[in-house]
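# Examination of the molecular architecture
Spelled out from the first residue to the last, the chains are:
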Amino acid sequence: MTSLDPALAAAAADPAPQLEPAAPRHSRTRRHRPPAKVLVGGAITLFFVLMALFGPLLAPHSASWVANTTNGTPQAPTGSLWLGTDNMQHDLFSLLLIGSRSTLLIAFLAGAIATVLSVAVGVTAGYVGGVADEILSALSNIFLALPGLLILMVIISPLPVPDKGNSFVIGLVVAITSWAYGARALRAQTLALRGQDYVVSARVIGERRIRIILFEIVPNLLPIVAASFIFTVIYGLGVYVALCYLGVVSPSSGSWGTMLQGAQSNSAIGNGWWWWYLPPALAVALVGLGLALLNFGIDEIINPRIRSARTGRGGVKFQLGLTPVVRAAAREGDAR
Amino acid sequence: MSLLIRRIGFYVLAAYAAITLNFFIPRLLPGNALDAVLTTMRGEITPQELAGMAAQYGIDSKQSLLAQYFTYIGHTLSGNFGFSTSKQVPVSTVLGGELPWTVGLIGTATVLAFLLGTLIGVIAGWKRGGLIDAVVPVSAFFQAVPYFILGLLLLIIFGADLHWFPIGGGYDATSRTVTYVQGWNWPYMSSVLQHAVLPAATVVLASIAGWIVGMRNMMITTMDEDYVLVACAKGLPRWRAMAIAARNAILPTISNFTLSISLVVTGAILVEVVFNYPGVGLEMFNAVQSTDYPLIQGILLVVTLAVLIANLLADFAYIVLDPRSRREA
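Parameters and conventions
Residues numbered from 1 in each chain as written. Chains lettered and ligands numbered in written order. Predicted model: local features only at pLDDT ≥ 70, side-chain atom pairs only at ≥ 80, totals over all residues. Heavy atoms only, no water. UniProt positions renumbered as here; feature names shortened; annotations may be inferred. Helix = DSSP H or I, 4+ residues; strand = E, 2+ residues; numbered from the N terminus. Buried < 20%, exposed > 50% of the residue type's maximum accessible area, 1.4 Å probe, protein only. Contact = heavy atoms within 4.5 Å. Areas by Shrake-Rupley, 256 points an atom, 1.4 Å probe, with all protein chains shown as cover. Domains from an automatic or database assignment. Buried area = accessible area lost by both parts, 1.4 Å probe. Salt bridge = Lys/Arg side-chain N within 4 Å of Asp/Glu carboxyl O. Polar contact = N/O pair within 3.5 Å; in protein donor to acceptor, adjacent residues only side chain to side chain. Axes fitted to C-alpha atoms, helices over the stretch in contact; angles between N-to-C directions. Left-handed = near helix turned anticlockwise from the far one by under 90°. Nonpolar A, V, L, I, M, F, W, Y, C, P; charged D, E, K, R; others polar. pLDDT = per-residue confidence, 0-100. Phe/Tyr/Trp six-rings, centres within 6.5 Å; stacked < 30°, edge-to-face > 60°. Parallel < 35°, antiparallel > 145°, perpendicular 65-115°, else oblique. Patch = residues over 30% accessible without salt bridge, like charges linked within 9 Å, V, L, I, M, F, W, Y side chains within 5 Å.

Looking at an unreviewed UniProt entry, one finds chain B named ABC transporter permease and attributed to Actinospica acidithermotolerans. Heading Sequence similarities (unreviewed entry) of the UniProt record for chain B holds this comment: "Belongs to the binding-protein-dependent transport system permease family."

Going by an unreviewed UniProt entry, chain A carries the name ABC transporter permease and comes from Actinospica acidithermotolerans. Listed in UniProt under the heading Subcellular location (unreviewed entry), the comment for chain A reads: "Cell membrane". The annotation that UniProt attaches to chain A under Sequence similarities (unreviewed entry) is "Belongs to the binding-protein-dependent transport system permease family."

This part is about the overall build of chain A. When helices and strands are counted, chain A shows 15 helices and zero strands. When burial is assessed residue by residue, chain A has 51% of its 336 residues classed as buried. A separation of at least 24 residues holds for 70% of the contacts in chain A among residues at least 6 apart in sequence. By element, 65% of the accessible surface of chain A is carried by carbon and sulfur atoms, the whole surface being about 15,400 Å².

Looking now at the domain arrangement of chain B. Residues and elements named next belong to chain B. Domain boundaries assigned for chain B yield domain 1 (2–77) and domain 2 (96–326). At the interface, 21 residues of domain 1 touch 16 residues of domain 2. Across the domain 1 to domain 2 interface the summed buried area is about 1,500 Å²; carbon plus sulfur atoms make up 74%. Taken together, the connections running from domain 1 to domain 2 amount to zero salt bridges. Where domain 1 packs against domain 2, one counts one residue pair in polar contact (both at pLDDT 80 or more).

With that out of the way, let us pick up the packing of helix α4 (residues 92–128) of chain A against helix α14 (residues 274–302) of chain A. All names here are of chain A. At a closest axis distance of 11 Å, the pairing of α4 and α14 adopts a crossing angle of 35 degrees. Crossing of α4 against α14: the hand is right-handed. Along its contact with α4, which presents Leu92, Leu96 and Leu104, the element α14 presents Trp275, Trp276, Pro279, Pro280 and Val287. For the contact of α4 with α14, the per-class residue count stands at eight nonpolar, no polar and no charged.

Turning our eyes to something else, we now look at the confidence of the model for chain B. Residue and element names in this part refer to chain B. For chain B, per-residue confidence averages 75 on the pLDDT scale, and residues scoring 70 or more make up 77% of the total. Helix α2 (residues 33–40) is the least confidently modelled element of chain B, averaging 59 in pLDDT, while helix α9 (residues 226–233) averages 84, the highest of any element. Scored as a complex, the prediction yields pTM 0.78 and ipTM 0.77.

This part covers the pattern of salt bridges. Opposite charge on two side chains permits them to pair, given that their charged atoms come into close proximity. Residue and element names in this part refer to chain A. Scanning the entire structure with this criterion turns up two salt bridges over all chains. One salt bridge connects arginine 187 with aspartate 133, and the closest N-O pair in it is separated by 2.7 Å. Of this pair, arginine 187 sits in helix α9 (residues 180–194) while aspartate 133 sits in helix α5 (residues 130–145); the two residues are 54 residues apart in sequence, bridging distant segments of the chain. Since its relative accessible area comes to 25%, arginine 187 is described here as partly exposed.

Here the focus is the UniProt feature "transmembrane region" (unreviewed entry) in chain B. Residue and element names in this part refer to chain B. UniProt annotation of "transmembrane region" (unreviewed entry) refers to residues 7–25, 101–126, 138–160, 192–213, 249–275 and 295–321 when read in the numbering used here. Between the end C-alpha atoms of residues 7–25 there is a gap of 27 Å, over a span that is 100% helix and 0% strand. With 100% helix and 0% strand, residues 249–275 has its two end C-alpha atoms placed 36 Å apart.

Considering all chains together, one arrives at seven aromatic pairs over all chains under this definition. When the centroid spacing of 4.7 Å and the interplanar angle of 25 degrees are considered together, the rings of Tyr181(A) and Phe231(A) count as stacked. Placement of the pair is Tyr181(A) in helix α9 and Phe231(A) in helix α11 (residues 209–245), with a sequence separation of 50 residues. Ring centres 4.7 Å apart and planes at 70 degrees place the aromatic pair Phe114(B) and Trp211(B) in the edge-to-face group. Linking Phe114(B) in helix α5 (residues 91–126) with Trp211(B) in helix α8 (residues 186–222), this pair joins segments that are 97 residues apart in sequence.

The next subject is the interface of chain A and chain B. With 54 residues of chain A in contact, the opposing surface of chain B contributes 64 residues. Buried area between chain A and chain B, summed over both chains or domains, comes out near 5,100 Å², and the portion from carbon and sulfur atoms is 76%. In this assembly, chain A and chain B are joined by zero salt bridges. Across the chain A-chain B interface, the total number found is zero residue pairs in polar contact (both at pLDDT 80 or more). By residue number, the principal contributor to the side of chain A that touches chain B is α14(A), which donates 10 residues.

This next bit is on the UniProt feature "transmembrane region" (unreviewed entry) in chain A. All names here are of chain A. According to UniProt, the positions carrying the feature "transmembrane region" (unreviewed entry) are residues 38–59, 104–128, 135–156, 168–186, 221–248 and 274–298. Here residues 221–248 is 89% helix and 0% strand, with 36 Å between the C-alpha atoms at its ends. Across residues 274–298, helical content stands at 100% and strand content at 0%; the span's end C-alpha atoms are separated by 36 Å.

Further remarks concern the packing of α4(A) against helix α8 (residues 167–176) of chain A. Residues and elements named next belong to chain A. Two numbers describe how α4 lies on α8: the axes approach to 8 Å, and their chain directions differ by 50 degrees. With respect to α8, the element α4 is oriented oblique. The interaxial crossing formed by α4 with α8 has right-handed handedness. Two secondary-structure elements touch here, α4 through Leu105, Ile106, Leu109, Ala110, Ile113, Ala114 and Leu117 and α8 through Ser167, Phe168, Ile170, Gly171, Leu172, Val174 and Ala175. Each residue belonging to the contact of α4 with α8 can be placed in one class, and the counts come to 12 nonpolar, two polar and no charged.

The grouping of Leu46(A), Leu50(A), Leu53(A), Phe54(A), Leu57(A) and Leu58(A) at the surface amounts to a nonpolar patch, some 640 Å² of accessible area in total. By the element assignment, Leu46(A) lies in helix α3 (residues 36–58).

Before going further, it helps to spend a moment on the side chain of Asn141(A). By the secondary structure assignment, Asn141(A) is in helix α5. Other than its neighbours up to four places away in sequence, Asn141(A) contacts Arg184(A) and Phe10(B).

The subject of this paragraph is the side chain of Thr222(B). By the secondary structure assignment, Thr222(B) is in helix α8. With residues near it in sequence (within four places) discarded, Thr222(B) still touches Tyr227(B), Val228(B), Ala245(B), Asn248(B) and Ala249(B).

We now examine the environment of Ile5(B). Residue and element names in this part refer to chain B. Residue placement: isoleucine 5 occurs in helix α1 (residues 2–28). What makes isoleucine 5 exposed here is its relative accessible area of 57%. Separated by 208 residues in sequence, isoleucine 5 and valine 213 place their C-alpha atoms 32 Å apart.

Our focus in this paragraph is the environment of Thr71(B). Residues and elements named next belong to chain B. Along the polypeptide, threonine 71 turns up in helix α4 (residues 65–77). Judged by relative accessible area, which is 31%, threonine 71 ranks as partly exposed. Through-space distance from the C-alpha of threonine 71 to that of leucine 112 is 41 Å; in sequence the pair is 41 residues apart.

Next comes the structure, spelled out in structure tokens:
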């Protein structure tokens, strides 16, 4: 179609600023290509998820392996020990690979449990309304105001050691302090959906309440559920690494936070042993970045208007009062 | 007005819930507070002391749980948080020494982050796709990285590597040339400021992203409003039109911020541990290590109340700034 029109073909070949953003061909390709942020964020996240799945298998040494038993100072990275050793002569590269599993497992576990909780609380509060809404909203507001990390420190530190090493216990406890944010967002959106015609008509034809919630409301909340899941995973990651760093939790298999704690307690920073603390710190930072980019991308899919001209539409200039929006995306937004 | 009463009612309820939770935490955990103290106790202890301590924790077996609960609430309301077992001084004394550091650090950093972040967000949203808008993905990095990891990275780069700033503590006790005297004198104050730069920068960098992103996205939504178009059509200078949009965009940002206050505070408290900064956060860390329950309870309570008060202030600001919120009530 476009090849018959030389001017349009030229325009398509050359990403000139005059290119009409809503041109049919353009919008079709754009529609199937997620924003660059999603791609980059997804790639980073995938990398670390693969690392958590297969890293412990690929680690050259076990967590208890030591390079030698005589030397008490950390060794700088060499060709055979890529990230050097700590003061006990453990191979830090292996520890980084092995530690990725428990770190990511707990972050994602906490995210998943908290998401289930926040959907249950938020959607119920929003849809049922009345006294239930008042109670659940007050509950989530109180949880929002409580300093979650401090409470976790207090609750977890006296737990018996087997529980402290149990990923599910830790993930559950982290989730309990982190569901409220998502619940609030979901409640607000449920309130908005509740009055929509299709929900009202479902009610009128006598669908059961549970069916309306599960099949009419929840599917339309999915982008927000996804965003709150990712937000909670980021939160869980930070909290778990912090708990390990503070020495409140010390999983036997080790985690990135445990590595940081070891570095801190041996004053690795003051001694300049950068290979000890820098890799785990950067790994945590990168996972967080990857997830945050994903979340940004989801935000832009939910609300196409906030898309940046730099990443979204090549060179379309924003003008006051007129927001150029790719038509396909706008239609998706309206449908929602 | 009724909205205000409702909000205050909620905060009273939340404060009550926090106090109750605080009461039950040490009692639900395995072992009781007194056992924890006794295991860490060195030296001998007289039966009178033991009885006194038991009374202090309200685990006097003669008292019912309900009676203990009311005693605890009564003590808390009168500002009596008990006696720190690891420091052997009243908890309120410990808190009095630590709070100024924490409030100074977090308060200053939060205000700075708000002012800078809002300004950057307004400009980024106004000139969408411009140079400043490119800052947004960068700020995502700071938002996503846990506070204390960001603190560690700053500490590594600017403290340990470049030696621009000290790598820990709140002030210097002595140095080669001067002996510092705590108080309002320049050498001591400058030492305090120097030590505060990195922790404050961490909190600012970590919390600024939320303001930038929230403000930018609200600006973009607000700029489509008719009143902004009218302002431009009237021929107002660009910056005046921008100010009109910004004034309206800032409201939802404030109410969003109230949701994240507790995240900022807990994050900042961890930063204190990283920088060995002599505030409430470091104290909390030490208290958990030495299972000093009265101190832990005191800190938890003060931090929770501080978060609630910050929330209340943000609510007030919202009601003052937005006439609609008053009418809807």
